[in-house]
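Examining the three-dimensional arrangement
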Amino acid sequence: MKYSIDSIKKSRVVIVVLWLVYASAYFGRTCYSAAIASIVSDGIYSKADIGIVGTVFFVCYGVGQIVNGILGDKINPFKMVLCGAFLSSLCCISIACAESISAMSVIWGANGVFQSMLWSPLLRIYSETIHEGLRHKAVLNIALSLPVGTVCSYLVSTFIIKYSSYKSVFISGGIVIFAMFLIALLSFLSIRKSIVKERKTVQLSVNRAAPEKTNLWGVILLSGLLVILVPSFLHGMMRDGITNWVPTMITEVYGVSPSLSTFLTIALPIFNAFGAYAVTPLYKKLGKNEMKTAGVTAAVALVPMLLLLLVGKVPVFVAVLLLALTTASMYALNYLIISRVPVRFASYSCTSSISGILNSFAYIGCAVSVYGFGAVSQKMGWTAVIMIWIVSGVLTSLFAFLSDKKWKRFIS
């Protein structure tokens, strides 16, 4: 079943509301990484313990992406988004009451499941439901919601950590998500009569009609998606893994306070905000080929990553700048792989499913990094972690180029 909104005005309402919901979701999930430095500094839990909670979130989020991605192509995507936002807000508030790593893991894992109900249905709405003339910009601009939500989270968390406890950080995240849930609920109810159900096949971003009997597995093989899963996993590992551990890294290497390190980390999402926009001219120059562009972007990201080997020898602001350039490159990859690639499957009516699969692998990478980077830094130091980033960057570029031949045929 397809859902369509022909009204430009009401389509814009949906675009803005979903943007706010996803930004608030990132606000809520970033509360955890923003609070890590304070928790570790207070000696409440070790880095390895804290890493376990983050890993549980990303594992649950990754698995949930596959399930909810497939469901997002079969049931009402608007209801999925509302349900995910509401339940996520409850989890953010509940974790503030947790008094053990086990309880935190269960609650934050549940939050991962509920947040996985947002992205794939949202992308389906953007690629199939809203007015056709607004789709391209909507997919581009949604990338901005991630860094904006992150920046707001770090700003609020910096203030809260200075004057209160880390538990208040989670409560603020829950309140923000719940507020956006209410706005979305009221907005969707006001335009529900304009949402038309239809059964025809939607054509978008693919210049040929979809084969009638091609199933999901057939489409995956046809597009070379199995190879694309590797850069999806690796870029996810670096994207959120670096962001999660930067405040702790800065605190330990440079000896600054947790609140100051969290504040300095705001530079990362500010740079990240321009990642998708900065890569767009290159994307157009390379014939709007997502994987070729991803290969070049990952190769360019190796420059700041190699310079990061000087961390501890250069001023803290230089280190933050290099980290920001690295994560901005990862967010550019995120736009290409997680936002643009699934839209190519709209004519096969499986945008949400493909989005869920790609996002799942990205967040499995996040799960590995949240625990792994903390454990490696604790045993071998931060230089070893940076070396892992460099190797991952090389492999990301390599596999993106390897997938290009089949992907080029698929999108032509």
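Let me begin by describing the structure that accompanies this report. (Residues numbered from 1 in each chain as written. Predicted model: local features only at pLDDT ≥ 70, side-chain atom pairs only at ≥ 80, totals over all residues. Heavy atoms only, no water.)

1. Observations regarding the overall build of the protein
Counting its secondary structure elements, the protein contains 17 helices and two strands. Overall, the protein is about 60 × 45 × 35 Å in size when its C-alpha atoms are taken along their principal axes. Scored against the burial criterion, the 412 residues of the protein give a buried share of 61%. Pairs at least 24 residues apart make up 85% of the contacts formed inside the protein by residues separated by at least 6 positions. Just so you have it, the protein exposes about 15,500 Å², and 69% of that area is on carbon and sulfur atoms. The averaged location of the 13 negative side-chain charges in the protein is 7 Å from the averaged location of its 33 positive side-chain charges. (Helix = DSSP H or I, 4+ residues; strand = E, 2+ residues; numbered from the N terminus. Buried < 20%, exposed > 50% of the residue type's maximum accessible area, 1.4 Å probe, protein only. Contact = heavy atoms within 4.5 Å. Areas by Shrake-Rupley, 256 points an atom, 1.4 Å probe, with all protein chains shown as cover. Lys, Arg positive; Asp, Glu negative; His and termini not counted. Charge placed at Lys NZ, Arg CZ, Asp CG, Glu CD.)

2. Examining the pattern of salt bridges
Tallied over the full model, the rule gives three salt bridges. Ionic pairing is found between glutamate 99 and lysine 167, a salt bridge with its closest N-O pair at 2.8 Å. Of the two residues, glutamate 99 is situated in the loop between α3 (77-95) and α4 (101-115) and lysine 167 in helix α8 (residues 166-191); the sequence distance between them amounts to 68 residues. The partner of arginine 344 in a salt bridge is glutamate 290, with the nearest N and O atoms 2.9 Å apart. Taken together, the positions of arginine 344 in the loop between α15 (316-343) and α16 (351-380) and glutamate 290 in helix α14 (residues 290-307) put the pair 54 residues apart, joining distant regions of the chain. The residues arginine 344 and glutamate 290 share a single accessibility class, namely buried. (Salt bridge = Lys/Arg side-chain N within 4 Å of Asp/Glu carboxyl O.)

3. A word on the packing of aromatic side chains
Applying the stated criterion across every chain, the model contains 17 aromatic pairs. With 5.9 Å between their ring centres and 20 degrees between their planes, phenylalanine 57 and tyrosine 61 make a pair best called stacked. Linking phenylalanine 57 with tyrosine 61, this pair stays in helix α2 (residues 47-72), spanning four residues, or about one helical turn. Each member of the pair, phenylalanine 57 as well as tyrosine 61, carries the same accessibility label: buried. (Phe/Tyr/Trp six-rings, centres within 6.5 Å; stacked < 30°, edge-to-face > 60°.)

4. A closer look at the packing of helix α10 (residues 225-254) against α16
Relative orientation of the contacting elements α10 and α16 amounts to 45 degrees, with a least axis distance of 6 Å. Considering the angle they form, α10 stands oblique to α16. Classified by chirality, the crossing of α16 by α10 is right-handed. (Axes fitted to C-alpha atoms, helices over the stretch in contact; angles between N-to-C directions. Parallel < 35°, antiparallel > 145°, perpendicular 65-115°, else oblique. Left-handed = near helix turned anticlockwise from the far one by under 90°.)

5. Quick look at the nonpolar core
Tyr22, Tyr126, Phe170, Leu225, Phe345, Leu358 and Trp389 are the most contacted members of the largest nonpolar core, which totals 128 residues. With residues near it in sequence (within four places) discarded, tyrosine 126 still touches Ile15, Leu18, Trp19, Arg135, Ala138, Val139 and Ile142. (Core = buried A, V, L, I, M, F, W, Y, C linked by side-chain atoms within 4.5 Å.)

6. Some thoughts on helix α5 (residues 119-129)
Along an α-helix, residues three or four apart share an orientation, since each turn contains 3.6 residues. In terms of residue burial, α5 counts as a mostly covered element, since eleven of its eleven residues are buried. Of all the positions in α5, only Trp119, Ser120, Pro121, Leu122, Leu123, Arg124, Ile125, Tyr126, Ser127, Glu128 and Thr129 are classed as buried.

7. Regarding the environment of alanine 35
Take alanine 35: it is sitting in helix α1 (residues 8-41). For alanine 35, a relative accessible area of 0% corresponds to the buried category.

8. Describing the environment of cysteine 350
When you line up the elements, cysteine 350 lands in the loop between α15 and α16. For cysteine 350, a relative accessible area of 6% puts it in the buried group. Spatially, the C-alpha atoms of cysteine 350 and alanine 138 are 19 Å apart, while their sequence positions differ by 212 residues. Ignoring anything within four residues of it in the chain, the contact list for cysteine 350 reads Asp73, Leu216, Val219 and Phe345.

9. Here's the deal with the packing of helix α13 (residues 275-285) against α14
Viewed as axis vectors pointing N to C, α13 and α14 meet at an angle of 125 degrees, and their least axial separation amounts to 9 Å. Here α13 lies oblique to α14, going by the angle between them. Note that α13 runs across α14; the crossing there is right-handed. Facing Val279, Leu282 and Tyr283 of α13, the residues of α14 in contact are Glu290, Thr293, Val296 and Thr297. Residue classes in the contact of α13 with α14 are distributed as four nonpolar, two polar and one charged. (Nonpolar A, V, L, I, M, F, W, Y, C, P; charged D, E, K, R; others polar.)

10. Points about α15
Between its first and last C-alpha atoms α15 spans 40 Å; for 28 residues at 1.5 Å apiece the expected length is 40 Å, and the two agree. Roughly 25 degrees is the biggest bend found in α15, and it falls at asparagine 334. Where burial is concerned, most of α15 is hidden: 24 out of the 28 residues are buried. (Expected span 1.5 Å × (residues − 1). Bend = angle between axes of the 7 residues up to and from the residue.)

11. Comments concerning the side chain of serine 403
As for its position among the elements, serine 403 is in helix α17 (residues 382-411). Residue classification places serine 403 among the buried residues on the basis of a relative accessible area of 2%. Side-chain polar atoms of serine 403 contact the backbone oxygen of alanine 400, separated by 2.8 Å. With residues near it in sequence (within four places) discarded, serine 403 still touches Val227, Ile228 and Met291. (Polar contact = N/O pair within 3.5 Å; in protein donor to acceptor, adjacent residues only side chain to side chain.)

12. A look at unusual backbone geometry
Peptide bonds are mostly trans, and most non-glycine residues show a negative phi. A positive phi angle, close to 55 degrees, is found at lysine 288, a residue other than glycine. Of note, lysine 288 is situated in the loop between α13 and α14. The partly exposed category is assigned to lysine 288, whose relative accessible area is 43%. A positive phi angle is found at serine 349, which is not glycine, with a value near 55 degrees. With respect to the helices, strands and loops of the structure, serine 349 is situated in the loop between α15 and α16.

13. With respect to the side chain of serine 329
Secondary-structure assignment places serine 329 in helix α15. Not counting chain neighbours up to four residues away, the residues in contact with serine 329 comprise Thr297 and Ala301.

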